Amino acid sequence: MRMGIWFLKLAALYFLIGVSMGLLMEIMEDHSLAGAHAHINLLGWASMGLFGFIYILFPKASETLLAKLHFWLYNVSFPLFMLGLSFFLAGNTSLTVLLMIFPNLLVLSVILFVINMFINLKAEDVAHLLKKSETTSI
């Protein structure tokens, strides 16, 4: 479950970064970094938030080596990918090497997540969650 909590905390941080970036682009009337802004909101806020909820709902999957590799590879590659993308969109190609390496590592981390889901997520885990929610009253 710890992986899930960390993914949620980092997702919240990326949400703040994405919203702040959008506000600054509006204030400056310069939307040249809109691609990076969109990636931060989708891959940082939305995807990481979903990873977090999935790992919290299915703690068995969050305790695997695949989950740990997914977490660290994603969280190393994503900010470096965004740095390279931001420089590139701003017209500075000095960090283009980051765009050659880190998007691929990000995809690899997602592949690890998918493998983890196929190996460690079972129908009985979902059935157990649904049964648990039926017996819980508000």
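Before going further, it helps to spend a moment on helix α1 (residues 2-28). Its 27 residues place the ends of α1 39 Å apart at the C-alpha level, agreeing with the 39 Å of an ideal helix rising 1.5 Å per residue. By the burial criterion, the buried members of α1 are M3, G4, F7, A11, Y14, G18, M21, G22 and M25. Trailing α1 by a residue or two, E29 shows a phi angle of about 50 degrees, which is positive.

Remark: α1 packs on helix α2 (residues 34-57), axes separated minimally by 7 Å, with the N-to-C direction vectors making an angle of 160 degrees. Classified by the angle their axes make, α1 and α2 are roughly antiparallel. When you trace α1 past α2, the crossing you get is left-handed. Considering only residue class, the contact of α1 with α2 consists of 22 nonpolar, eight polar and no charged.

What follows covers the environment of V126. In this fold, V126 is placed in helix α6 (residues 123-135). Between the alpha carbons of V126 and M82 there is a distance of 34 Å; along the sequence they are 44 residues apart.

The next thing to look at is unusual backbone geometry. The backbone of E29 sits at a positive phi, close to 50 degrees, despite the residue not being glycine. Residue position: E29 is located in the loop between α1 and α2.

Below, the discussion takes up the nonpolar core. The tendency in soluble globular proteins is for nonpolar side chains to be buried as a group. In this structure, F7, M48, Y55, Y74, F78 and F81 are the most contacted members of the largest nonpolar core, which totals 25 residues. Those elements giving two or more residues to this core turn out to be α1, α2, α4 (65-89) and α5 (96-120). The element contributing the most residues to this core is α4, with seven residues. Not counting residues within four places of it along the chain, the set of residues in contact with Y74 comprises F7, L43, S47, M48, F51, L69, P79, L106, S109 and V110.

On the surface, a nonpolar cluster with roughly 410 Å² of combined accessible area is contributed by V107, L108, I111, I115 and I119. Within the secondary structure, V107 sits in helix α5. For V107, a relative accessible area of 49% translates into the label partly exposed.

Cut-off values and rules
- Residues numbered from 1 in each chain as written.
- Predicted model: local features only at pLDDT ≥ 70, side-chain atom pairs only at ≥ 80, totals over all residues.
- Heavy atoms only, no water.
- Helix = DSSP H or I, 4+ residues; strand = E, 2+ residues; numbered from the N terminus.
- Expected span 1.5 Å × (residues − 1).
- Buried < 20%, exposed > 50% of the residue type's maximum accessible area, 1.4 Å probe, protein only.
- Axes fitted to C-alpha atoms, helices over the stretch in contact; angles between N-to-C directions.
- Parallel < 35°, antiparallel > 145°, perpendicular 65-115°, else oblique.
- Left-handed = near helix turned anticlockwise from the far one by under 90°.
- Nonpolar A, V, L, I, M, F, W, Y, C, P; charged D, E, K, R; others polar.
- Core = buried A, V, L, I, M, F, W, Y, C linked by side-chain atoms within 4.5 Å.
- Contact = heavy atoms within 4.5 Å.
- Patch = residues over 30% accessible without salt bridge, like charges linked within 9 Å, V, L, I, M, F, W, Y side chains within 5 Å.
- Areas by Shrake-Rupley, 256 points an atom, 1.4 Å probe, with all protein chains shown as cover.
- Salt bridge = Lys/Arg side-chain N within 4 Å of Asp/Glu carboxyl O.

By themselves, these figures tell us nothing about what the structure is for.
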